[in-house]
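So the chains spell out like this:
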Amino acid sequence: MRVKINGKVRCDMKVETKWFGTIDVSDKQILTFEKGIIGFEDWKEYTLIFDAQKGVEETTIYWLQAIDEPTLALPVMDPQLVYENYDPIVEDEVITSLGGDVEDANLLVVCTMTVPEKLEDMTINLKAPIIINLDANRGVQVIADNDDYQVRYPIYDILNAKKDGE
């Protein structure tokens, strides 16, 4: 099927991934990061992968999968699951770069995770959130001006406590 978006003709596509096999991705699922993601500036297009059986509301970890690089899949999560009052301070112009009316936009804020072999050392990067305008399918990673946000915020115990219902 061919669709025309922003004057470009693109097809729904099959994306090869190292971790999830071949997945079907429609143009509506492609997120564009004009500046890339910190450390991965060469890759501009991604899609979000989550456990479809659980649904988006119940999924803790999503994967930000690069469209053009099968081995690039970043684990991300909603930071409010582990840091309740998460409210990153970012410059207004960064948010407006996401396009559309950002005041009323459907914005998703996620943070990258580090999941080492020893799960007890799992962390989330609160200092560099990824903000996605789901209405415009555009994203940006920013450095929050908050001094108290850590690059490696430990989350293993927090996630376990939530799982155990504490």
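The rules behind these values
Residues numbered from 1 in each chain as written. Predicted model: local features only at pLDDT ≥ 70, side-chain atom pairs only at ≥ 80, totals over all residues. Heavy atoms only, no water. Helix = DSSP H or I, 4+ residues; strand = E, 2+ residues; numbered from the N terminus. Buried < 20%, exposed > 50% of the residue type's maximum accessible area, 1.4 Å probe, protein only. Contact = heavy atoms within 4.5 Å. Areas by Shrake-Rupley, 256 points an atom, 1.4 Å probe, with all protein chains shown as cover. pLDDT = per-residue confidence, 0-100. Polar contact = N/O pair within 3.5 Å; in protein donor to acceptor, adjacent residues only side chain to side chain. Core = buried A, V, L, I, M, F, W, Y, C linked by side-chain atoms within 4.5 Å. Pairing = 2+ DSSP bridges.

1. Quick look at the overall build of the chain
Moving on, step 1. When helices and strands are tallied, the chain shows 2 helices and 13 strands.
Moving on, step 2. Taken over 166 residues, the chain has a buried fraction of 40%.
Moving on, step 3. Once local pairs closer than 6 in sequence are excluded, the contacts in the chain between residues at least 24 apart make up 52%.
Moving on, step 4. Total accessible area computed for the chain in this model is approximately 10200 Å², and 48% of it derives from carbon and sulfur atoms.

2. Observations regarding the confidence of the model for the chain
Moving on, step 1. In this model, the chain carries a mean pLDDT of 87, and residues with pLDDT of at least 70 account for 86%.
Moving on, step 2. Below a pLDDT of 50 lies the segment residues 1–9, which in the model reaches 12 contacts outside its immediate sequence neighbourhood of four places, other chains included.

3. As for the environment of Glu-16
Moving on, step 1. Structurally, the position occupied by Glu-16 is in strand E3 (residues 13–17).
Moving on, step 2. Sequence-wise, Glu-16 and Thr-71 are 55 residues apart; in three dimensions their C-alpha atoms are separated by 9.0 Å.
Moving on, step 3. Apart from residues lying up to four places away in sequence, Glu-16 is in contact with Gly-21, Thr-22 and Pro-70.
Moving on, step 4. Of note is the side chain of Glu-16, whose polar atom sits 2.9 Å from the side chain of Thr-22.

4. A short note on the nonpolar core
One broad rule of soluble globular proteins: the nonpolar side chains tend to lie buried together.
Moving on, step 1. By size, the foremost hydrophobic cluster in this structure holds 14 residues, and its most contacted members are Phe-33, Ile-37, Tyr-46, Leu-64, Val-76, Ile-130 and Ile-132.
Moving on, step 2. Mapped by element, the contributors of at least two residues to this core are strand E7 (62–66), strand E8 (73–77), strand E9 (107–114) and strand E11 (130–133).
Moving on, step 3. Sort the elements by how many residues they give to this core and E7 lands first, with 3 residues.
Moving on, step 4. Ignoring any residue separated from it by four or fewer positions in sequence, one finds Ile-130 in contact with Phe-33, Ile-37, Leu-64, Val-76, Leu-108, Val-109, Val-110, Thr-112, Val-140 and Gln-141.
Moving on, step 5. Of all hydrophobic cores here, the second largest spans 13 residues; its members include Val-82, Ile-124, Ala-144 and Ile-155.

5. Remarks on the side chain of Asn-137
Moving on, step 1. By secondary structure assignment, the location of Asn-137 is in the loop between E11 and strand E12 (138–141).
Moving on, step 2. Polar contacts involving the side chain of Asn-137 include one to the main-chain carbonyl oxygen of Ile-30, which spans 3.5 Å.
Moving on, step 3. Setting aside residues no more than four positions away along its own chain, Asn-137 makes contact with Asp-27, Lys-28, Gln-29, Ile-30, Leu-31 and Thr-32.

6. Structural notes on the pairing of E9
Moving on, step 1. Sheet analysis places E8 next to E9, joined by 2 bridges and oriented antiparallel. Bridge assignment links Met-77 to a residue of E9, and that residue is Cys-111.
Moving on, step 2. Pairing of E9 with E11 involves 4 bridges; the strand directions are antiparallel. Paired with Val-109 across the two strands is Ile-131, which belongs to E11.
Moving on, step 3. Looking at chain direction, E9 and strand E10 (residues 123–124) are connected through 2 bridges and run antiparallel. If you follow Met-113 over to E10, its bridge partner there is Ile-124.

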